[in-house]
Amino acid sequence: QVQLVESGGGLVQAGGSLRLSCAASGRAFSSDAMGWFRQAPGKEREFVGAISWSGTNTYYADSVKGRFTISRDNAKNTVYLQMNSLKPEDTAVYYCAAAARPWYSMRFAEADFGSWGQGTQVTVSS
């Protein structure tokens with residue numbers, strides 16, 4: 001059982017940067033893989049990236065690879081999503097989530113995650 005709260009969203013110009021934070025409380029944070037998803041208006045929720053407990057294993061969607069970076073600080077119970085070179089198509093509500101299955105069996109799909117935050121809005125203007 002883990003509770004997640006996202007923050008750091010806002011309005012940014014295309015080409016700009018933004019860092020999202022996900023603060024976790026409750027049990028088992030340090031042993032959980034974590035992920036980020038996003039949902040744009042009129043679209044399904046899509047996978048953005050994930051990070052293992054140690055932080056040494058990461059996996060990103062092709063659409064954000066090279067621009068977004070996931071990191072975590074287990075001592076602070078916080079996961080981050082650094083977003084650089086933002087594009088208007090990155091506009092979405094961004095959600096963090098705690099994995100419900102081990103990293104080795106991860107499919108990086110929505111069903112692989114059990115606990116979700118409330119989301120934070122990111123708007124990228126052209």
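As shown above, the structure is provided for reference.
Source: prediction; values computed, not measured. (Residues numbered from 1 in each chain as written. Predicted model: local features only at pLDDT ≥ 70, side-chain atom pairs only at ≥ 80, totals over all residues. Heavy atoms only, no water.)

Student: So what's going on with the environment of Thr-120? Residues and values would help.
Tutor: With respect to the helices, strands and loops of the structure, Thr-120 is situated in strand β11 (residues 120-125). For the pair formed by Thr-120 and Glu-6, sequence separation is 114 residues and the distance between their alpha carbons is 5.9 Å. Residues within four places of Thr-120 in sequence aside, it is in contact with Glu-6, Ser-7, Gly-8, Gly-9, Leu-20, Ala-92, Val-93 and Tyr-94. For Thr-120, the side chain forms a polar contact with the main-chain nitrogen of Gly-9, separated by 3.2 Å. (Helix = DSSP H or I, 4+ residues; strand = E, 2+ residues; numbered from the N terminus. Contact = heavy atoms within 4.5 Å. Polar contact = N/O pair within 3.5 Å; in protein donor to acceptor, adjacent residues only side chain to side chain.)

Student: Any chance you could break down the state of the cysteines for me, citing the residues and the numbers?
Tutor: Counted according to the given criterion, the structure contains 1 disulfide. What pairs with Cys-22 in a disulfide is Cys-96, and their sulfur atoms sit 2.0 Å apart. Handedness of the Cys-22-Cys-96 disulfide follows from its S-S torsion of about 60 degrees: it is right-handed. Note that Cys-22 is positioned in strand β3 (residues 18-26) and Cys-96 in strand β9 (residues 92-99), a separation of 74 residues in sequence. (Disulfide = S-S within 2.5 Å.)

Student: Explain the side chain of Arg-72 residue by residue, including any values.
Tutor: Examined against the element boundaries, Arg-72 turns out to sit in strand β7 (residues 68-73). Asp-32 is the oppositely charged side chain nearest to the buried, salt-bridge-free Arg-72, at an N-O distance of 6.5 Å. At 2.5 Å, the side chain of Arg-72 and the backbone oxygen of Asp-32 are in polar contact. A distance of 3.1 Å separates the side chain of Arg-72 from the backbone oxygen of Ser-52, its partner in a polar contact. (Buried < 20%, exposed > 50% of the residue type's maximum accessible area, 1.4 Å probe, protein only. Lys, Arg positive; Asp, Glu negative; His and termini not counted. Salt bridge = Lys/Arg side-chain N within 4 Å of Asp/Glu carboxyl O.)

Student: I'd like to hear about the nonpolar core, residue by residue, with values.
Tutor: One finds Leu-4, Leu-20, Trp-36, Phe-68, Leu-81, Met-83 and Tyr-94 to be the most contacted residues of the largest nonpolar core, which totals 36 residues. At the level of elements, β1 (2-7), β3, β4 (34-39), β5 (46-51), β7, β8 (78-83), β9 and β11 are the ones that each hand at least two residues to this core. For this core, the leading source of residues is β9, giving 6 residues. (Core = buried A, V, L, I, M, F, W, Y, C linked by side-chain atoms within 4.5 Å.)

Student: Requested: an account of the pattern of salt bridges, with residues and values cited.
Tutor: Counted according to the given criterion, the structure contains 7 salt bridges. Across the salt bridge formed by Arg-45 and Glu-110, the nearest N and O atoms sit 2.5 Å from each other. Of the two residues, Arg-45 sits in the loop between β4 and β5 while Glu-110 sits in the loop between β9 and β10 (113-116), which places them 65 residues apart along the sequence. Residue classification places Glu-110 among the partly exposed residues on the basis of a relative accessible area of 35%. Its salt-bridge partner being Lys-65, residue Asp-62 comes within 3.1 Å of it at the nearest N-O pair. Lys-65 sits in the partly exposed class, given a relative accessible area of 48%.

Student: Give me the lowdown on the pairing of β8, citing residues and values where you can.
Tutor: Both faces of the sheet carry side chains from a regular strand, because those side chains alternate between them. Burial analysis of β8 places 5 of its 6 residues in the buried class, the great majority of the element. Pairing geometry for β3 and β8, over 6 bridges, is antiparallel. Note on β8: the bridge partner recorded for Ala-23 is Thr-78. As paired strands, β7 and β8 are joined by 6 bridges and run antiparallel to one another. (Pairing = 2+ DSSP bridges.)

These results come straight from atomic positions and should not be treated as a statement about function.
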